[in-house]
Structures are given as structure tokens and as C-alpha cells.
Amino acid sequence: LGDWSVFGDAATEEKEAMWDDPDRCKWLGWSALEVTLEGSTHLIGAMHRSTFSVHEEWKHLLLPYDEVPAARRAQCAAERLRSWWARAEGLPGLLGDCHVASADGGTRTCHVASFGIPGAVSLRLHQARQDHVAGCGAFALLLADPATGAAWLHETLCAHTGMQTQWGMAESCAADRSEICPLLTWDAKATTSLAVLGGLGSQMRRFLERDVKLERFSSILNRLYGTRACGDESHSLSGELLGFAPPASVGTQAWSPGAAASACEEASVFFQCAKAARELALPWCDAPRILSARRWFDCHESEPGAPYCTGKFYKEPYSDWYTPSTRSVGHYAAASEKDRLALYESVVSCFKLGVPLVLLARQPECYALFFDLDVYGGCEDAPNLKEVIRFAWEDEKQVLACAIVSSVWDLYPEFRGGLEVAVFSSNGLCRRKKRFKASYHLVFPDIIVDRPEKCSQASGKCGQRPAARHIAVRNHVVLRLSDAVGSSRALAELRYDLRRCCGFEVVSGSATYLNDWTEILDEIPLWHEPGPDAATGLRLPFTDKPREGRPKLPLGRWRFSSATSSDVSLEDWPPTCSIEQLRDLDLVKWVRLGDISADVTGELTPWSEAGLHPDALSELECPECWKDADCI
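Residues numbered from 1 in each chain as written. Predicted model: local features only at pLDDT ≥ 70, side-chain atom pairs only at ≥ 80, totals over all residues. Heavy atoms only, no water.

Caption draft 1: Expanded view of the overall build of the chain. Secondary structure assignment for the chain yields 19 helices and 19 strands. Within the chain, the fraction of its 632 residues that count as buried is 51%. Partitioning the intrachain contacts of the chain with sequence separation of at least 6 by distance along the chain shows that 73% fall at a separation of at least 24. (Helix = DSSP H or I, 4+ residues; strand = E, 2+ residues; numbered from the N terminus. Buried < 20%, exposed > 50% of the residue type's maximum accessible area, 1.4 Å probe, protein only. Contact = heavy atoms within 4.5 Å.)

Caption draft 2: Main features of the side chain of Gln398. Looking at the secondary structure, you find Gln398 in the loop between helix H13 (388–392) and helix H14 (399–411). The class of Gln398 is buried, set by a relative accessible area of 15%. Within polar-contact distance, the side chain of Gln398 engages the backbone oxygen of Trp393 at 2.3 Å. (Polar contact = N/O pair within 3.5 Å; in protein donor to acceptor, adjacent residues only side chain to side chain.)

Caption draft 3: Representation of unusual backbone geometry. The backbone of Arg177 sits at a positive phi, close to 65°, despite the residue not being glycine. Mapped onto the secondary structure, Arg177 falls in the loop between strand S8 (172–174) and helix H7 (186–196). A relative accessible area of 34% means that Arg177 is categorised as partly exposed.

Caption draft 4: Layout of the sheet that holds strand S13 (residues 360–361). Pairing is antiparallel across the open sheet formed by 4 strands, whose spatial order is S12-S9-S13-S17. Only two strands of the sheet have a single neighbouring strand rather than two, namely strand S12 (331–332) and strand S17 (538–539). As paired strands, strand S9 (residues 308–309) and S12 are joined by 2 bridges and run antiparallel to one another. By the bridge assignment for S12, Cys309 is matched with His331. (Pairing = 2+ DSSP bridges.)

Caption draft 5: Region of interest: the sheet that holds strand S16 (residues 435–450). If you walk across this open sheet you meet the 5 strands as S14-S16-S15-S18-S19, and the pairing is antiparallel. Edge positions in the sheet fall to strand S14 (366–379) and strand S19 (578–581), since each of these pairs with one other strand and no more. Averaged over all adjacent pairs, the angle separating strand axes in this sheet is 30°, with direction ignored. As paired elements, strand S15 (residues 419–430) and strand S18 (residues 553–561) share 7 bridges and run antiparallel to each other. Note on S18: the bridge partner recorded for Val423 is Gly556. (Axes fitted to C-alpha atoms, helices over the stretch in contact; angles between N-to-C directions.)

Caption draft 6: Quick peek at helix H4 (residues 69–89). Over its 21 residues, H4 extends 30 Å from the first C-alpha to the last, a length consistent with the 30 Å expected when each residue adds 1.5 Å. Within two residues after H4, Gly90 carries a phi angle of roughly 70°, on the positive side. (Expected span 1.5 Å × (residues − 1).)

Caption draft 7: Spotlight on the environment of Cys379. Its location among the elements puts Cys379 in strand S14. With relative accessibility at 33%, the residue Cys379 sits in the partly exposed group. Separated by 50 residues in sequence, Cys379 and Leu429 place their C-alpha atoms 8.4 Å apart.

Caption draft 8: Focus on the nonpolar core. Core analysis: the largest hydrophobic core is formed by 100 residues, its most contacted members being Phe371, Phe444 and Trp517. The dominant element in this core, judged by the number of residues it contributes, is H14, at 10 residues. Of all hydrophobic cores here, the second largest spans 50 residues; its members include Val112, Val133, Phe139 and Leu153. (Core = buried A, V, L, I, M, F, W, Y, C linked by side-chain atoms within 4.5 Å.)

Caption draft 9: Geometry of the packing of helix H11 (residues 287–299) against helix H12 (residues 337–352). For the pair H11 and H12, interaxial distance at closest approach is 10 Å and the crossing angle is 140°. Judged by the angle between their axes, H11 and H12 are oblique. Read as a crossing pair, H11 and H12 show a hand that is left-handed. Facing Arg289, Ser292, Ala293, Trp296 and Phe297 of H11, the residues of H12 in contact are Asp339, Ala342, Leu343, Ser346, Ser349 and Cys350. (Parallel < 35°, antiparallel > 145°, perpendicular 65-115°, else oblique. Left-handed = near helix turned anticlockwise from the far one by under 90°.)

Caption draft 10: Inspection of the packing of aromatic side chains at higher detail. Considering all chains together, one arrives at 15 aromatic pairs under this definition. Ring centres of Tyr367 and Phe370 lie 5.9 Å apart, and the angle between their planes is 40°; this geometry places the pair in the tilted category. Judged by its relative accessible area of 0%, Tyr367 is buried. The class for Phe370 is buried, based on a relative accessible area of 0%. (Phe/Tyr/Trp six-rings, centres within 6.5 Å; stacked < 30°, edge-to-face > 60°.)

Caption draft 11: Highlighting the pattern of salt bridges. In total, this model carries 33 salt bridges according to the counting rule given. Among the ionic pairs, Glu548 bridges to Arg550, the shortest N-O distance being 3.0 Å. Owing to a relative accessible area of 14%, Glu548 belongs among the buried residues under this scheme. (Salt bridge = Lys/Arg side-chain N within 4 Å of Asp/Glu carboxyl O.)

Caption draft 12: Representation of the side chain of Ser406 in the model. On the secondary structure map, Ser406 appears in helix H14. Not counting residues within four places of it along the chain, the set of residues in contact with Ser406 comprises Trp573, Pro574, Pro575 and Cys577.

Caption draft 13: The arrangement of the packing of H14 against helix H16 (residues 489–501) in detail. As a packed pair, H14 and H16 sit with axes 10 Å apart at the nearest point and diverge in direction by 120°. With respect to their mutual orientation, H14 and H16 come out oblique. When the axes of H14 and H16 are compared, the crossing they make is left-handed. Residues Val399, Leu400 and Ala403 of H14 form the contact with H16, whose participating residues are Ala490, Leu491 and Leu494.

Caption draft 14: Representation of the confidence of the model for the chain within the structure. When pLDDT is averaged across the chain, the result is 85; 87% of the residues are at 70 or more. Below pLDDT 50 for its whole length, residues 628–632 participates in 10 contacts with residues either more than four positions away or in separate chains. (pLDDT = per-residue confidence, 0-100.)

Caption draft 15: Geometry of the pairing of S18. Both S18 and S19 contribute to a ladder of 4 bridges, which runs antiparallel. Its bridge partner lying in S19, Phe560 is registered against Ile579.

Here is the structure:
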């Protein structure tokens, strides 16, 4: 933010020196405090703090600190000590700088900046106050562990009848629950609300990445927290494997220090094995979340045909640190919506830790329409290998997206007034083709289709089953683009640019370009594979392919609409669309939106079969037939 030009040639050197400032570095030390709780004493370490007030954690609300392991380690340590100390002292909330009621009992308030934990702060023992808890005291714990943070927030809100008002949460509450501070502030309400929503870290990450500053941001945090504060990740810090302590209202049957210590030992053993198996570069504070993900898969193994599978890797069911080691069959099912939600949370948690799972959602008989777009760029040593993204999705006029949506409107004209499209991307180097690949999954939540199914000995000969709508809609889109490209200047230019981006490469053994419409709108993922060995499906959001390193991420949701009839000339096709960006979703809801295996209520969306391209059904062929397989 400063004007570094005044330093001339020394600007870069001065920037770096800022992070080595002695006054800054003195707060990067580490100390440990003994906490005695219900007869057992635990040594819990954390970074030095000024007062150990929760307001010192505001940075976690706004920037993606939790995506940097060293910074996440420091954050978890602070909230661990804060929660254990509050539980040991019997506090109805967590400490933080706040206003308190005046001593004379009137309506006047005063701000106190000396609420802290003796021994872990710069305050002397007699200076550190613990006689009030802040209304916003739980916001940092809500970010580190939403469940425990919510328990502490609930404890504070229920500590006194005056803590909840018609205008929102009060500022603070006395530790003995005798009074509240009659004041409403942004500090208390906005920080808590933002933490409940997950903070702004993931959104800010996108902008840091867009502005090519994410690597610099991570480098500085690793330099400060990894080298100077937390040290080497190969060893655990004091109390690092302990969970977060809930408030006293959570009884000992649900949580106890002894049970926390036992879970700590279990997490330690499993985490060491997982780190050794996959060389996971994770701090020890992540062990409980890693173990939680493993437990879900341990408890939800199922038979082939289940809604989820890990797919295959070199013709064998893919296995990893989270899959059961005894008899990994690679198929999993959620017994209830609660179990499904727990899976989504594990998917998001592992992604945020930097170790995305590999997991596919299998197609039920009916599901939301989706397309799988694969667009290839240059080889890994090409100077402009990622240029294809600009034409495939970041094009200002959105020619490809408008063409696809307009083709869908041919069959579902009632959605011309508004059709929602959720877009996911998975960009990076394709291990198989050794070139850059921009992959997009377009999901249409408003349109329900049925699945096409591959031939098998059990299902009979090809052509005996009626054509499924999903493959018919896909074929219609491909044929519509193919017909229009000869006349539409916009489509012709787009096709040329896409072919050029991959060096006019053709599919092996054919004359079809790698970036032709029929290749871009990949047909293979649409076909359901029956049989006991089937392991196909569509990746869940925030998961990866085996050893690929390009997880599937949400780009956003848009509503497309058009007042133009579908009968425009081919020269003007695709027609102009109005594109409205819809609000973002929290990460768990993104997973739910991209999970095609989730049950769909209702019947197939009515369609206008008269609008179907005449060749769409004649083009229908089972992929097994392409291989001259015996289909009977």
C-alpha cells in the first residue's frame, strides 16, 4: 500500500526487510501453558499474543491464512488454548477486547483492552482480566472448527437473557452471568456473522490468484510462521493433537479431557501412517480432520452400484490414505442425508487442507442435465499453453456458453426466460496427453434427464432400449454447433482459435481435431456403466483425479435468458443472451449442487422433441460398440 518508489533501487530489499523487523518478529515466538481440566493437566502451546484477545485474529476473517499449513497451525494452536483455558475457568464464552458496563450500574460503558490469558500474553498476571467474555469471542474458533465455535457462541448467547436483542447480539457478558453490556457494535455482530459464513478467505484467494499475488502471500506466511513461529512440521507441538474444548454445558458424556487425550493418540498413529504413505505435507494440527475423513469411508463401504466410488487407477480400484486398508472395494453409500452432509464436509475439509480426495458420483436413473467440456491447450513446454482458457470460458461475449445454452433452449423453450447454469472447472496438465487441459462441467439444475446406459450381457443388444434424453440433448448441441459454424462468424472464429490453441492436433487414428465440437462435449462420462466392476461417474466438486493435481472447483452460477426467438439466422447464431451472475454458495452447498448421485425429486423435465436435431438420435451409439465389443 505504500509508495516504495521512494527507495529507488533498494525498494525490493526494503520490502523484504519489513518482514525481518525485530519488533514484528518478537511476536513470532512460541510458548506453552499448563491447563488443568477435570483433574488432568495438559501442556498446550501457542504463539505469543499481545493480550490473547480474539480481535487479534481478524486477519483470518479476510485473507486465506488457513490455506497455508504453517499459518493454519498457528491459528489452531491459538483457538485450542483459548477454548481449553475458558473451559478450565468455567467461563460462559471466550475472551476478547470489548466494552463492559460501567461500575456505577448506569448505561455508560467503557472499553477494556486487557482481557487475556495469564502466562500466554505480554500482560502481567494482575493485569490480565477474565471477568467478562466478548460476544464475538467465538468468531475465530468458528473459522477453525465450526462445530465447537457454534457451541461456544450458543453458550455466550444463553449466558444472560439480555445477550440476545431484537437488534442482534450484545457486546459482552459478565463471567458470572450477572450482567451484560448494553451496547451493540459492529465488532461483535459483523465479525461473528462473517465467521458463521466462513469468512472471506476463499473469495480473496481468487483475487490473489488472479492478480498473481497468491504465491507471494503464501511465501511470506511460510517465512513468518513456518520458519520462525511453528518450526518444522515433522514434529508435533505441545498439545497439537488435542481437539478444541467445548463449553461446560457440553457434558462429559459428549466430551472429556480423557477422551480427547485418547483421540489424540489415535490421530497420532493414523496421521503418521498417512504422512508416510503419501508424504502428506501437513501440520499435526490437521490430524483430527484427516482421521474424520478416514472414519467416514471406514463406516460407509458398500457394494458395486453404490452412489459413490473412487474409480480405477491402472485397472484397479483406486485406494489412498482415506480408503479402508482391509478390503478396499472402492464403493461407498450414505445411509442418510446426515451421512451425505458429513461426506460433503469431509470433501471440503480435505480440499482446504491441500489433500483433495478422489471420489466419483454415480448416475442414478434421473438427475440434473450436465455437460463435460474438455478443451486442450499447448504441450507442457509451450509458451502459451493456457491460452485456451481465454477462448473457452473467459471470452467477453461467452460465445461457447451462449451456443450451448441456446441449443438447450431448442428442446426446453420454457426456460428461455431464465435458465440457471452452474459451472465447475478443473484446469491443469493432463497426465495422459501431456498437454494443458481446460475442463468444465456445466450443470443445469432446472432440467432433469435420464441416463444413457452402456451395453452389457445383462442389458441385451444395442438399440433395444429407448434413447436416453441426456445423450440426445448432448448430440443435439454438437450437431447444432456443427451446422452453424459454416455460417456464424463468431462460431467460426471460436473454432479456429480453439484448434490453434492445441496446435491443430487431431485425435489419434482419425481426421477429427482434438478441439472439435464432438470432442469438446465429451460423450463418455454421460454413459452409465452397469455391472459389478463398474467404477465410472462424475467427480464431486473439490475432488481430484488420481495423481493429477487439478481439483474440480466452482467458477460460479449464472442465469441465462433471451428474448430472441430460436429462429434467428445461422449468421446471427448464437443469439444474444442476457447473463446474470447469481450469488455465491458456501463450499458444502457447491458439493451438493455438483453431486449427480443425490436423489432427484420429480419426473423428467418435459421437452419439445420437435426441436431435436433430426440426426441427434441416429447419432446415438453405445461406446462399447465403438470397440467392436460383443454386446449380447
